[in-house]
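# Results of the structural survey
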Amino acid sequence: MRHWWPFTNSESTYYLSANRNKRSMTLNLKHERGRELFLQLVQDADVVVENFKAGTMARLGLSYDRLKEVNEDVILCSITGYGQDGPYHTHPGYDPVIQAIGGLMDVTGETDGEATRVGTPVVDIMTSHYVCMSVLGALRKRDQSGIGAHIDLSLLDVQVSSLANISSSYLNEGHVSKRAGNAHGNITPYETFPCADKPLMVAAGNDRMYRALTEVLGRPELADDERFLTNGDRVQHRGELRAILVAEFKRKDADQWAELLAEKKVPCGPVNSIEQVFEHEQVVHRNMKISAPHPTVETYHGVRNPILADGQVLPVRYAPPLLGEQTSDILAETFDFNQETVDELKKEGII
């Protein structure tokens, strides 16, 4: 990821987005001395996270059983594309490929358009959340039992589990969901509408909200129209209702409608550009943009962790590290190595 475009002062902005609050150490696990140092690090570790292809750790002589020999209650979390077993377990897995295989692309995109991946690496992001949850759960279990765990997390498993209502509709009713653009297969009006300047996303999730929407649009009679009385009725007559609403929404700008609908507690929002996101008054108020010193880009900019604990923002302890930036520090802290020893390890290709 350090080589993914675009760059700022030679640093990949993609890499910067994913590596805050980490320290970077290089270690050659194909070298016997490198493996020895790794196992010494494992001795004092609570958790080891790895995302090699399935079987790689074992081939390196660093299987879960081997790690337990030096730390019997260690927790190993293995992240792969397809899991530790099965016919695909040795295949490399990348987010867009998993979106395709796991069905997400098939239900994303315009009704008459091609299947489309989600604009951000949502499978990677969701999997990272499961890493956090599963590791925390394993730590709590270890508190009670004294026994560690080997967690097997697959991008594909996470993707399939996230199909939510889509999978439930199929498994329970045999209903195969189709692409619906920005609309929702189960609720309407729950989609974008073109306004005088740009689209507005409206999510009228119940009958009260729908009635409030008709009042704001100046069309209260639509709430009592037999075709649109209930959500089920509206879904059945989706096309007729949308045609009416589109004509109404085009009379004003998106922000004007958003202000009026907000007064009636109807969830909605304009489709903002990325620039507009970071200018949005709520985003600004919540201090979502953060900055920190960085050795090569001078000032690193990022998005804060969304968790607020007792009103406190989680701190930026380290900017995303340069490759191996803290190798010498970690070796000195952990093994009390002096600079001569560190230089020797570099010369031998171990770090």
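Reading the values: rules and limits
Residues numbered from 1 in each chain as written. Predicted model: local features only at pLDDT ≥ 70, side-chain atom pairs only at ≥ 80, totals over all residues. Heavy atoms only, no water. Pairing = 2+ DSSP bridges. Helix = DSSP H or I, 4+ residues; strand = E, 2+ residues; numbered from the N terminus. Axes fitted to C-alpha atoms, helices over the stretch in contact; angles between N-to-C directions. Polar contact = N/O pair within 3.5 Å; in protein donor to acceptor, adjacent residues only side chain to side chain. Buried < 20%, exposed > 50% of the residue type's maximum accessible area, 1.4 Å probe, protein only. Expected span 1.5 Å × (residues − 1). Contact = heavy atoms within 4.5 Å.

## As for the sheet that holds strand 3 (residues 47-50)
Within the open sheet, the three strands sit side by side as 3-4-5. Their pairing is parallel. The open sheet has two edge strands, strand 3 and strand 5 (149-154), and neither has a second partner. When the angles between neighbouring strand axes are averaged without regard to direction, this sheet yields 15°. The pairing of strand 4 (residues 75-80) with strand 5 spans six bridges and is classified as parallel. Bridge pairing in strand 5 links Ile-75 to Ala-149.

## Re unusual backbone geometry
Following Trp-5, the chain continues to Pro-6 via a peptide bond in cis, the omega torsion being 0°. Residue position: Pro-6 is located in the segment before strand 1 (7-8). The peptide bond linking Thr-188 to Pro-189 adopts the cis configuration, its omega dihedral lying at 0°. For Pro-189, the location among the structural elements is in the loop between helix 8 (165-173) and strand 6 (190-194).

## Side note on helix 16 (residues 339-347)
Of the residues flanking the start of helix 16, the one acting as N-cap is Asn-338, its side-chain oxygen 3.2 Å from the backbone nitrogen of Glu-340. Positive backbone phi, approximately 75°, marks Gly-349, located one or two places after helix 16.

## Things to note about the environment of Leu-27
Within the element layout of this structure, Leu-27 appears in the loop between helix 1 (13-18) and helix 2 (32-43). Taking relative accessible area as the criterion, Leu-27 reaches 22% and is therefore assigned partly exposed. Linking Leu-27 and Glu-325, residues 298 residues apart in sequence, is a C-alpha distance of 12 Å.

## Looking at helix 2
Counted at 1.5 Å a residue, the expected span for helix 2 with its 12 residues is 16 Å, and the 17 Å between its end C-alpha atoms agrees. For helix 2, the set of buried residues is Gly-34, Leu-37, Phe-38, Leu-39 and Val-42. Here the buried face of helix 2 lies against strand 3, helix 3 (56-59), helix 4 (64-70), helix 15 (327-335) and helix 16.

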